[in-house]
Amino acid sequence: KKIVSALPTQRQTMMFSATMPESVQALAQRRLREPEIIDLGHTLPAETIEHAIVTVRSSAKPKLLRALLDGIGEGSALVFVRTKARAKAVWFGLQKRGLECELLHGDKKQGARTRALARFRAGEAPVLVATDLASRGLDVEGVAMVINYDIPTDPDTYVHRIGRTGRSERSGVARTFVSRGDLGDLRAIEHRIGARLAAAEVP
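Because the structure is predicted, anything quoted here is derived from the model rather than measured.

Conventions and cut-offs
- Residues numbered from 1 in each chain as written.
- Predicted model: local features only at pLDDT ≥ 70, side-chain atom pairs only at ≥ 80, totals over all residues.
- Heavy atoms only, no water.
- Helix = DSSP H or I, 4+ residues; strand = E, 2+ residues; numbered from the N terminus.
- Rg over C-alpha atoms; globule rule 2.2 N^0.38 Å.
- Buried < 20%, exposed > 50% of the residue type's maximum accessible area, 1.4 Å probe, protein only.
- Contact = heavy atoms within 4.5 Å.
- Areas by Shrake-Rupley, 256 points an atom, 1.4 Å probe, with all protein chains shown as cover.
- Lys, Arg positive; Asp, Glu negative; His and termini not counted.
- Charge placed at Lys NZ, Arg CZ, Asp CG, Glu CD.
- 1 Å grid on protein atoms, 1.4 Å probe; cavity = no way out; pocket = protein on both sides within 12 Å on 5 of 7 lines; lining within 4 Å.
- Points joined across faces, edges and corners; volume = space filled by probe spheres on them.
- Nonpolar A, V, L, I, M, F, W, Y, C, P; charged D, E, K, R; others polar.
- Arc of directions from axis to C-beta.
- Pairing = 2+ DSSP bridges.
- Axes fitted to C-alpha atoms, helices over the stretch in contact; angles between N-to-C directions.
- Core = buried A, V, L, I, M, F, W, Y, C linked by side-chain atoms within 4.5 Å.

A.B. asks: Quick question: what am I supposed to make of the overall build of the protein here?
C.D. replies: A count of helical and extended segments in the protein gives 7 helices and 6 strands. Counting helices and strands in the order they occur from the N terminus, the protein gives α-α-β-α-β-α-β-α-β-β-α-β-α. For a compact globule of 203 residues, the expected C-alpha radius of gyration is about 17 Å, and the protein comes in at 18 Å, within 12% of that figure. Principal axes of the C-alpha set define a box for the protein whose edges measure 60 × 40 × 35 Å. Counting over 203 residues, the protein shows a buried share of 41%. Of the contacts made within the protein by residues no fewer than 6 positions apart, 74% connect residues no fewer than 24 positions apart. For the protein, the exposed area adds up to about 12600 Å²; of that, 52% sits on carbon and sulfur atoms. For the protein, the distance from the average position of its 32 positive side-chain charges to the average position of its 23 negative side-chain charges is 8 Å.

A.B. asks: For this particular structure, what's the right way to read the layout of surface pockets?
C.D. replies: Once rolled over the atoms, a probe with the size of a water molecule shows which space is left empty. In this structure, the largest pocket occupies an estimated 1100 Å³ of space. If you go around the largest pocket, you meet 32 residues; those closest to its centre are S17, M20, I38, D39 and L40. Secondary-structure elements contributing two or more residues to the lining of the largest pocket are helix 2 (22–31) and helix 6 (155–162). Examining the composition of the lining of the largest pocket, we find that 4 residues originate from one element, helix 6, more than from any other. Among the residues making up the lining of the largest pocket, the classes are represented as 17 nonpolar, 10 polar and 5 charged. Taken as a whole, the second largest pocket spans an internal volume of roughly 290 Å³. For the second largest pocket, the full set of lining residues is V4, T9, R11, Q12, T13, M14, R30, R31, L32, R33 and P35. Looking at side-chain class alone, the lining of the second largest pocket contains 4 nonpolar, 3 polar and 4 charged residues.

A.B. asks: I'm lost on helix 7 (residues 183–193) in this one. Help?
C.D. replies: Spacing of three or four residues puts side chains on the same side of an α-helix, whose turn is 3.6 residues. For helix 7, every residue scored as buried is listed here: D185, L186, I189, E190, R192 and I193. The buried side chains of helix 7 occupy one side of the element, clustering within an arc of 160 degrees when seen end-on. Facing away from the buried side of helix 7, by more than 90 degrees, are the exposed residues G184 and H191. On its buried face, helix 7 is in contact with strand 1 (49–55), helix 6 and strand 6 (172–178). Positioned one or two residues after helix 7, G194 has a phi angle of 70 degrees, which is positive.

A.B. asks: When you look at the sheet that holds strand 5 (residues 143–148) in this model, what are you seeing that I'm missing?
C.D. replies: By definition, the strands of a sheet pair up through backbone hydrogen bonds, in either a parallel or an antiparallel sense. Across the sheet, which stays open at both edges, the 6 strands sit in the order 1-6-5-2-4-3 with parallel pairing between neighbours. Looking at which strands have only one partner, the edges of the open sheet turn out to be strand 1 and strand 3 (101–104). Each strand axis lies, on average, 20 degrees off the axis of its neighbour in the sheet, ignoring direction. Set on the sheet, helix 3 (residues 61–71) makes contact with strand 1, strand 2 (76–80), strand 4 (127–130), strand 5 and strand 6; between it and strand 6 the angle comes to about 170 degrees.

A.B. asks: Explain the nonpolar core here, please?
C.D. replies: It is characteristic of soluble globular proteins that their nonpolar side chains tend to be buried jointly. L65, L69, L94, V129, I147 and F177 are the most contacted members of the largest nonpolar core, which totals 24 residues. Elements that contribute at least two residues to this core include exactly strand 1, helix 3, strand 2, helix 4 (84–96), strand 3, strand 4 and strand 5. Residues contacting L69, with those up to four places away along its chain left out, are A77, L94, L99, V127 and I147. With 22 residues, the next largest nonpolar core counts L78, L128, V140 and Y158 among its residues.

A.B. asks: So what exactly am I meant to see when it comes to the pairing of strand 2 here?
C.D. replies: The side chains of a regular strand alternate, first on one face of the sheet and then on the other. Taken across its 5 residues, strand 2 has 5 buried, putting it largely inside the fold. With burial as the criterion, each face of strand 2 is covered, one bearing S76, L78 and F80 and the other bearing A77 and V79. Relative to strand 5, strand 2 runs parallel, the two being bridged by 5 bridges. By the bridge assignment, S76 is partnered in strand 5 with V143.

What follows is the structure in structure tokens.
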């Protein structure tokens with residue numbers, strides 16, 4: 001709003017968004033006049049990503065997360081959670097266990113976000129716990145695994161989250177924790193990608 005107030009009234013405005021939820025559509029309607037809409041349609045997960053669900057009780061999620069992280073060896077992992085409070089709790093639990101990890105959410109100042117991403121990119125912190133702030137536009141090479149600690153409620157978000165791995169034709173792995181009460185979100189994701197998600201076993 002501050003930027004728009006400083007611009008001339010005669011101008012051309014273009015708006016780009018990976019997804020168009022109602023809140024973004026409302027923003028567009030307030031800022032654009034008779035816009036030409038170009039919709040590239042739905043994208044599907046890259047074929048280089050091996051993605052599956054893991055059924056788990058909510059109380060067992062921390063233990064399952066540790067088992068998955070132990071299994072990736074030297075690779076890096078991006079752990080997505082639904083809320084800032086959950087992100088802090090998951091990050092704190094991993095730190096307490098002695099794992100080098102970083103935290104990324106909307107309340108962090110830009111400098112802290114930049115430092116967290118720099119450490120993650122450099123491999124100094126092989127795990128990044130993040131809200132959906134990191135699901136779009138984040139380009140980090142060589143993310144071995146994406147873990148949806150909380151299943152996304154928006155099917156498009158699922159595609160964007162797991163798309164942080166398997167980039168540049170490299171292979172990647174994505175796992176989504178599914179608990180009781182998540183079946184509706186799971187079915188919406190499967191409908192969106194046009195396929196049933198296989199179930200994976202974690203030792």
